[in-house]
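Report on the structure
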Amino acid sequence: MDWTDLIDTAFKVAGNNSQAHQAEAVRTVEAAVIDGENPVASTAGRHPDHFRKGVLVLTTHRLLFLKDGKPPVPVPLTAVTDAAVTRTKLNGDVLTVVALTGSHRFEDVAKADVFAEQLREAARLARKAASAARPAADTAPADLSAGDQLLGQLERLAALHASGALTDEEFTRAKARLIG
């Protein structure tokens, strides 16, 4: 699958047949691609701040939200701790992505359950690759560093929860994934 196929699929799911918008989305993604990043999946969804649907693009490194040729909103997969789908009468399938960088909500997401599962798996693989890429060191400093890192992640989660960005359920799930 290449970037064009990925964008075309998302636009078809969204019911948007505009060739100009599709070409613009492909150019936007290709301009934002980082070394070694490959397409994984895409779907259509709406950010709560926008009326029209945009494209959610899942890569091997990030989740991107593309809308009207604007720069993509990136969420690094190594920071993703949870992806959950809820259903509402007003907003359809709502995908909530909990990351150490904040909580992201996308409404009226097409094929939300499948996309959320793909997102969780891609995040797991990205974290695994990131931990494998870290240089090996003496066990005591590495353990201390890992402990400090976990503490920092838990503190950020607690801050998101305290600010109201995460519900009790999202916080509990994300904390359980971190502690593992």
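Before going into details, it helps to say that this report is about the structure given with it. (Residues numbered from 1 in each chain as written. Predicted model: local features only at pLDDT ≥ 70, side-chain atom pairs only at ≥ 80, totals over all residues. Heavy atoms only, no water.)

**Considerations on the sheet that holds strand β7 (residues 102-106)**
Inclusion rule: When DSSP finds two or more bridges between two strands, those strands count as paired. In this text, helices come from DSSP runs of H or I with a minimum length of four residues, and strands from runs of E with a minimum of two, each type numbered from the N-terminal end. Lines fitted to C-alpha atoms define the axes here, with helix axes fitted over just the stretch in contact, and angles between the N-to-C directions of these axes take values from 0 to 180 degrees. In this analysis, two residues are considered to be in contact whenever any of their non-hydrogen atoms come within 4.5 Å of each other.
One open sheet accounts for 3 strands, arranged β5-β6-β7; its pairing is antiparallel. The open sheet has two free edges, formed respectively by β5 (80-88) and β7, since each of these has just one partner strand. With strand direction ignored, the average angle separating the axes of adjacent strands in the sheet is 15 degrees. In this structure, strand β6 (residues 92-99) lies alongside β7, joined through 5 bridges in antiparallel fashion. Of the residues in β7, the one forming a bridge with Thr96 is Arg105. Where helix α3 (residues 112-133) meets the sheet, it contacts β5 and β6, and its direction lies at approximately 175 degrees from that of β5. On the sheet, helix α5 (residues 168-179) packs against β5 and β6 and is oriented at approximately 150 degrees with respect to β5.

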